[in-house]
Amino acid sequence: MSDVTSPLLERDLEWKLPYRGKVGMAGLIIAESAIFSIFVVAYLFYLGKSITGPTPREVLETPIFFTVCLLSSSLTIHLAGKELENGHRKTFLILWSITIALGALFLFGTALEWHRLIYERGLTISTNLFGTTYYSLVGLHATHVTAGLVMLSVVLLFSLADRVGMDQSARIGTLSMYWHFVDAVWIVVFTVVYLVGR
Amino acid sequence: MSSDAIAIPSARTEARPWVEVVHEWVTTVDHKRLGILYIVYALAFLVVGGIEATIIRIQLIRPHNDFVSPQVFNRMFTMHGTTMIFFVAMPVLFGFANYLVPLMIGARDMAFPRLNAFSFWLTALGGLLLYFSFLGGNGLYGAGNAPDVGWWAYAPLTAKTFSPGPSSDYWTIALLVSGFGSIGTAINLVATILCLRCPGMTLNRMPLLAWLNLVMSGMVLIAITPLSAAQIMLLIDRYLGGHFFDTQAGGSATIWMHFFWIFGHPEVYILIIPCFAFMSEIIPVFSRKPIFGYPVMVGATVCIAFVSLSVWAHHIFTIGMNSYANSFFAITTMAVGVPTGIKIFNWIGTMWGGSIQFKTAMLFSVGFLFQFLIAGLTGIMMASAPFDWQLSLSYFVVAHFHYVIVGGILFALFGAFYYWYPKMTGRMLSERLGKLHFWLFFLGFHATFDVMHFAGILGMPRRIYTYEPRPGWETLNLIVTIGAFIQGVAILVFVTNLVYSYFKGPKAGNDPWDAWTLEWSVSSPPPAYNFASIPVVASRRPLWDLKHPEDPDSRYE
């Protein structure tokens, strides 16, 4: 019997498994990637198949400024996480707020673009295939940004109440994974819609 | 393996008000209770789906029958398919995974217990929504109630023009909601298996059930989500005036087929892989030998998962793809047979030279091996595109996939019920009723589904409401329907056994089968916390090591 257990009790001490939050979030990201893939495939498949106008070339403008906003928010959330790990709560709070502001700015950009497309160009989700696929794909991404902003804001509230400390940094890391994913998806959507799609 | 993980007496429960008991079950986050909820929920829907199948078969018992109207017939086969796949097979397999995985890897619960409860209730809501359509579907004058578009719901049948009223939307939203539930459970299983294994349980020592459920969960993440995406597109089409599947605006009906089957084919493997997992636990115990070729089993499973993601278009050979696509999908489909064959050889290798005990669980396992092999062989036949052109959309296909789902999945599930019921309830199922159940079901199954192959080869198309009195068709359909009734009787025997044994069955004890995995080290049913102290394992068969300290497996690993 001792033969069975003795070598293991030592190993027991160094038994270490990955953090469940990170693994769970990775699972969610894989699932979400599959959803986005299907929408991207639909967008590419229907490129140029609209029977009526307007076409992407006629109406789309590349949102470079807002893209820069969203992508730089990945940097600020990463730095915020690092600051929290080192116990700098104040800088964490500032960087976290900047992240939220950048995300919100990006959403504002999408809103501006949609307003222009709908009211000036007359492109809605039911106008043609381009409208259907464009609003679905960009809208799906914007939904994810919105969900992310809600979660980030919850953390902000807790942080303002001084409840976010070093011991939460693993959770903050999990949330950052989601935010990085949302940014990475935007790179794909941006490439597909604004570069390839025109 | 610490010995204090053994023999925890089950806590005495006193009679409590039923409201309290119900409240406890509704608010539970315990993986065992949620597992049982999943299983009971699925069994209820099994009965409902079975009744729908019976209605279909009564309608087809003779030519020119008018037991139900054509409209009702369409609803019956749609609801039968949808129910059996999404609200029987998926939840029952998730139920077993929920119940067994934490126990087998020496954990106290799943990684995210509340997500687990949330996923179950999403699935439950999905099933209720689907069936609420019978009441709430009559939205417009002339609109039908329950969904009647077939379980594939091909475009343009789902367009507003052809499916007025909300019946198709109940189908869409039910599947979307329960799909989110499945994704939640899959994330939970992956996190549990990767993060909560007890000390010493390396990936290499995990029970095959845990391994195979890990692979299944990974497939759920990749394969259920395309269906969710397609459902979102369908909702956009139906409610926001989108054109994804609207051919008049340049949209494509075939892209729905592709999206559906990108989900649909891996789904078959999502359902069968947990059944492979049951086989890999049951066959060794009743052959009194460790599983043959453990690493190869794991490798073959991963291989099946990968290859099965690239075979979907064999469902739609008849829509006219180019010859390159046809060849590609024919080859990948045949290739999937190779790792599957390896598994069958491994199970036979496990039985070979063992002292086999033909308990009911083992009978069902052997039935599974035999029938799943035949199902695989007809699958290889259909993989050949020209052969498929001839027999696609005929009863041959119906016979083939029911051979997989009933002959394979359901037989494996019954095996699992007979094997783990003692652990879940603390009582043994009656062997006498079990054997009766097996032989009746075996007889009914073969009467129904063997004969369907012939009807298909004679040219009988699937989903027809009735048929002309053609030579051969009448007798064949009569036998098929009689077989369906025999299966129905067998299910009644099974349900009787479940209920009777729950109250009157002999006490099971911790380890009635003299098995080797960790769930048998705790009491039956296990306490809420599973393990008083977290076990430490040194081999793939921790209980063997404990029972045979003079010759533990760990010595050979």
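About the criteria used
- Residues numbered from 1 in each chain as written.
- Chains lettered and ligands numbered in written order.
- Predicted model: local features only at pLDDT ≥ 70, side-chain atom pairs only at ≥ 80, totals over all residues.
- Helix = DSSP H or I, 4+ residues; strand = E, 2+ residues; numbered from the N terminus.
- Rg over C-alpha atoms; globule rule 2.2 N^0.38 Å.
- Buried ≥ 20, exposed ≤ 12 C-beta atoms within 10 Å, placed from the backbone.
- Contact = placed C-beta atoms within 7 Å.
- Axes fitted to C-alpha atoms, helices over the stretch in contact; angles between N-to-C directions.
- Parallel < 35°, antiparallel > 145°, perpendicular 65-115°, else oblique.
- Left-handed = near helix turned anticlockwise from the far one by under 90°.
- Core = buried A, V, L, I, M, F, W, Y, C linked by C-beta atoms within 7 Å.
- Expected span 1.5 Å × (residues − 1).
- Bend = angle between axes of the 7 residues up to and from the residue.
- pLDDT = per-residue confidence, 0-100.
- Nonpolar A, V, L, I, M, F, W, Y, C, P; charged D, E, K, R; others polar.

## Quick notes on the overall build of chain B
- Secondary structure summary: chain B contains 15 helices and zero strands in total.
- Against the 2.2 N^0.38 benchmark of 24 Å for 557 residues, chain B shows a C-alpha radius of gyration of 24 Å, consistent with a compact globule.
- Evaluated residue by residue, chain B yields a buried proportion of 55% over its 557 residues.
- Considering only residue pairs separated by 6 or more positions, chain B has 81% of its internal contacts joining residues 24 or more positions apart.

## Remarks on the packing of helix α7 (residues 254-287) of chain B against helix α10 (residues 360-383) of chain B
Residues and elements named next belong to chain B.
- Remark: α7 packs on α10, axes separated minimally by 10 Å, with the N-to-C direction vectors making an angle of 120 degrees. Classified by the angle between their axes, α7 and α10 sit oblique to one another. In terms of crossing hand, the pair formed by α7 and α10 is left-handed. Here Met279, Ile282, Ile283 and Phe286 of α7 lie close against α10, whose contacting residues are Ala361, Met362, Ser365 and Phe368.

## As for the interface of chain B and chain A
- Counting residues at the interface gives 38 residues for chain B, matched by 34 residues for chain A.
- It is helix α6 (residues 208-240) of chain B that provides the largest number of residues to the side of chain B that touches chain A, a total of 10 residues.

## A look at the nonpolar core
Residue and element names in this part refer to chain B.
- By size, the foremost hydrophobic cluster in this structure holds 214 residues, and its most contacted members are Ile105 and Ile409.
- With sequence-adjacent residues up to four places away left out, Ile409 is seen in contact with Ala89, Leu271, Ile272, Cys275 and Val404.
- Formed by five residues, the second largest nonpolar core is a distinct cluster that contains Phe73, Met76, Phe77 and Ala146.

## Focus: the environment of Ile98(A)
- Tracing the chain through its elements places Ile98(A) in helix α5 (residues 89-119).
- Taking C-alpha positions, Ile98(A) is 8.5 Å from Ile77(A), a pair spaced 21 residues apart along the chain.

## Section: helix α4 (residues 113-136) of chain B
All names here are of chain B.
- Between its first and last C-alpha atoms α4 spans 33 Å; for 24 residues at 1.5 Å apiece the expected length is 34 Å, and the two agree.
- The axis of α4 is deflected most strongly, by about 25 degrees, at Leu130.
- Residues of α4 that are buried make contact with α2 (31-59), α3 (70-104) and α5 (167-195).

## Description of unusual backbone geometry
- Pro54(A) follows Gly53(A) through a cis peptide bond whose omega is -5 degrees.
- Summarising the element assignment, Pro54(A) is placed in the loop between α2 (20-45) and α3 (56-59).
- In this structure, Pro156(B) follows Ala155(B) across a cis peptide bond, with omega equal to 0 degrees.
- Within the secondary structure layout, Pro156(B) lies in the loop between α4 and α5.
- Positive phi outside glycine occurs at Asp162(A), with the angle close to 65 degrees.
- Topologically, Asp162(A) is positioned in the loop between α6 (129-160) and α7 (169-196).
- C-beta crowding within 10 Å serves as the criterion here: with 9 such atoms nearby, Asp162(A) is assigned to the exposed category.
- Of note in this structure, Ala153(B) is not a glycine but carries a positive phi near 50 degrees.
- Checked against the element boundaries, Ala153(B) lands in the loop between α4 and α5.

## Quick look at the confidence of the model for chain A
- With 93% of its residues at a pLDDT of 70 or more, chain A shows a mean pLDDT of 92.
- Overall, residues 1-8 of chain A carries pLDDT values under 50, and its contacts beyond four positions in sequence, including any with other chains, amount to 14 contacts.

## Notes on helix α14 (residues 473-504) of chain B
All names here are of chain B.
- Taking 1.5 Å of rise per residue, 32 residues should cover 46 Å, and α14 covers 46 Å from first to last C-alpha, within 8% of that figure.
- Three or more residues of α14 are buried, namely Trp473, Asn477, Val480, Thr481, Gly483, Ala484, Gln487, Ala490, Ile491, Phe494, Asn497 and Ser501.
- Against the buried residues of α14 lie α2 and α13 (431-457).

## Comments concerning the packing of α2(B) against α14(B)
All names here are of chain B.
- In contact at an axis separation of 9 Å, α2 and α14 are set at 155 degrees when each is read in the N-to-C sense. If you check the angle between α2 and α14, you find them roughly antiparallel. Two packed elements cross with a definite hand, and for α2 against α14 that hand is left-handed. Only Val480, Thr481, Ala484, Gly488 and Ile491 of α14 make contact with α2, whose side of the interface consists of Gly50, Ala53, Thr54, Arg57 and Ile58.
- For the contact of α2 with α14, the per-class residue count stands at five nonpolar, four polar and one charged.

## Thoughts on the environment of Tyr119(A)
Residue and element names in this part refer to chain A.
- Assignment of secondary structure puts Tyr119 in helix α5.
- Owing to 9 C-beta atoms within 10 Å, Tyr119 belongs among the exposed residues under this scheme.
- Sequence spacing of Tyr119 and Val154 is 35 residues, and the spatial spacing of their C-alpha atoms is 34 Å.

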